[in-house]
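# A look at the structure
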Amino acid sequence: MELNELLSLFDHHPGVLRLREQLSARRPRVRLEGLRGSSAAMVLGAAAQTSSDFFLVVGDDEEEAAYFYNDLRQLLGEHTVLFLPSSYRRAVKYGHRDTAGEILRTDVLSRLSGRAAGAEAGEALFVVTFPAALAERVAPRVSLSARSLSLKVGESHDVIELTHRLEELGFRRKDYVYEPGEYALRGSILDIFSYASEYPYRIDFFGDDVESVHSFEVQTQLSRSAVESAQIVPNVEGDASSTDYFPQQPVVVAHDLQFVCDCVQQIFDEGFADQALAEQAATSEMELSEVYARFAASRLLVNGKELQSHLTRGMYWQWSKATDQTKDAGGEIVPTVVFHTQPQPLFHKQFEQVLASFRSLIADGQRIYVLADSEKQQERLRDILGELAQAEGGAPGASLFTPVHLTLHEGFADAAAAFYTDHQIASISTIYVPTTRAMPRCRSRSKRFVSLSRATMWCMSITGWGSLSDSCASRAATGPCRKLSRSNIRTTMRFSCRSTRSTKSRSTRGRKARRPGFRISALARGNASRSARRKNSKTLRAI
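Described below are features of the structure shown in this document. (Residues numbered from 1 in each chain as written. Predicted model: local features only at pLDDT ≥ 70, side-chain atom pairs only at ≥ 80, totals over all residues. Heavy atoms only, no water.)

## Some details on the pattern of salt bridges
What the rule picks out here adds up to 12 salt bridges. Glu-102 is paired through a salt bridge with Arg-97; the nearest N and O atoms lie 3.5 Å apart. By relative accessible area, Glu-102 is classed as buried at 12%. Connected through shared salt-bridge partners, Arg-186, Asp-191 and Arg-202 make up one network. (Salt bridge = Lys/Arg side-chain N within 4 Å of Asp/Glu carboxyl O. Buried < 20%, exposed > 50% of the residue type's maximum accessible area, 1.4 Å probe, protein only.)

Here you go:
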């Protein structure tokens, strides 16, 4: 059974039917209560099956938005769900640009500029984002369409005029193309890295005629595949708000819209830090005064009041896990749709508890669906439960649940069915990271922490989460991290140290390291002083 087939189970759900009624009546405010786990994505996906509206889902932060985006994408597909990220790697005030975020952001705005193919086909369109992404100003919608270039095979273009046009759009000429916003001209070959493409384009001219267009790898500079056309989109920096790309009356879905606007206002008030502006002046030819003028908050950021005026024009669906709220802050009675869902219990790999829970649900007349990305994982769970059931003289494991291909972030149970995820049953932490690919794909990366002992926690607290997580991420490719003991903790610390060291550049690899992971590696190898080794040995014995 496929995951998107579960949406049909909610077609006649009372809560979903009422949501569709509120959507048809264009109620300006609706409250959704009792949505736990990934039930919110399931309910929204089911409610939008008969709609062609534009849904803007705003998470409280980037992590929540990424999880929600992945759930919707698994349920509805890639073409009707988009993720609008921030173009900054960390907080906006530090001013550190993220190339992957810029590409994904430009691609989403470019698709919205053409008013989204999904909406034109009569399907609902979802855009998932978070406050930091809404706080950035972008190029006006009309300007982005007018400044975009399209180069097709067989067309004629003067190469010199084309390079001048690229310079006007803000592209920089380089010997080789490595980042978005760069182009290179070598004889009759023109390489361009568009802001809306994961891979740069290589256009081969025969005179003024476009003979071929290929995408190519940045690292190897070798061609990947031939394409019919190349869409060249410049940087989206401008003086408009990203809400200008949305329809006049979107359906805004958020926990608390006022909280979102307050977060945007806080980002606007903080602006860009002096250290970030000094770094920009040091890495560019601009004077410090020019940098301050260019990076003024009023020029690059949106304030909370402006955002609120745009988002309150349409419908607002406030969804909550709680079920005890009936009025908003002003005392106004709001139409409320209540769902009676429960989160998936924590089993901690206690399969006896899993079997008991499944039997209890079946006795209550509920059907159980187990969601997993891997077929082998389903078979493994079925075999384990089957052996336990046969040992107790019960039904075999195959009759306990229905396997579902693809999974969600968190499982939940409704009155008629329970939807459990395999990674929660096995206590596996799964991190979903939105990545570039034209684009709305989400890469899943699982970090498995199996049987964490006290020695492991001690190592984690000293080396830092990054060092240990890098170590576990490397081992997750071949299998779960093994249980650490006193005999192999030193080996693990050395492994963590090497993992940390490999991320450093060659120019800094020979310098004296001051990170905790390197100090622990020195203690593990016995290169530290005698007193330090004695102190470390006492700590290990205490564990």
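## Quick word on the packing of helix α14 (residues 351-363) against helix α15 (residues 375-391)
Interaxial distance between α14 and α15 falls to 10 Å at its minimum, and their mutual angle equals 80 degrees. As far as their axial angle goes, α15 and α14 are roughly perpendicular. On the side of α14, the interface is formed by Phe-351, Glu-352, Val-354, Leu-355, Phe-358 and Arg-359, while α15 contributes Leu-381, Ile-384, Leu-385, Leu-388 and Ala-389. Each residue belonging to the contact of α14 with α15 can be placed in one class, and the counts come to 9 nonpolar, no polar and 2 charged. (Axes fitted to C-alpha atoms, helices over the stretch in contact; angles between N-to-C directions. Helix = DSSP H or I, 4+ residues; strand = E, 2+ residues; numbered from the N terminus. Parallel < 35°, antiparallel > 145°, perpendicular 65-115°, else oblique. Contact = heavy atoms within 4.5 Å. Nonpolar A, V, L, I, M, F, W, Y, C, P; charged D, E, K, R; others polar.)

## Re the sheet that holds strand β7 (residues 172-173)
Strand order in this open sheet of 6 strands is β7-β8-β9-β10-β11-β12, and the pairing throughout is mixed. Only two strands of the sheet have a single neighbouring strand rather than two, namely β7 and β12 (223-227). In the sheet, strand β10 (residues 201-206) pairs with strand β11 (residues 209-216) via 6 bridges, with the strands oriented antiparallel. Bridge pairing in β11 places Ile-203 opposite Val-213. (Pairing = 2+ DSSP bridges.)

## A word on a negative patch on the surface
A contiguous patch of negative charge, built from Asp-158, Glu-161, Asp-208, Asp-209 and Glu-211, is present on the exposed surface. Tracing the sequence through the fold places Asp-158 in the loop between β6 (149-152) and α8 (159-168). A residue is classified by how much of its surface remains accessible, and Asp-158, at 33% relative accessible area, is partly exposed. (Patch = residues over 30% accessible without salt bridge, like charges linked within 9 Å, V, L, I, M, F, W, Y side chains within 5 Å. Areas by Shrake-Rupley, 256 points an atom, 1.4 Å probe, with all protein chains shown as cover. Lys, Arg positive; Asp, Glu negative; His and termini not counted. Charge placed at Lys NZ, Arg CZ, Asp CG, Glu CD.)

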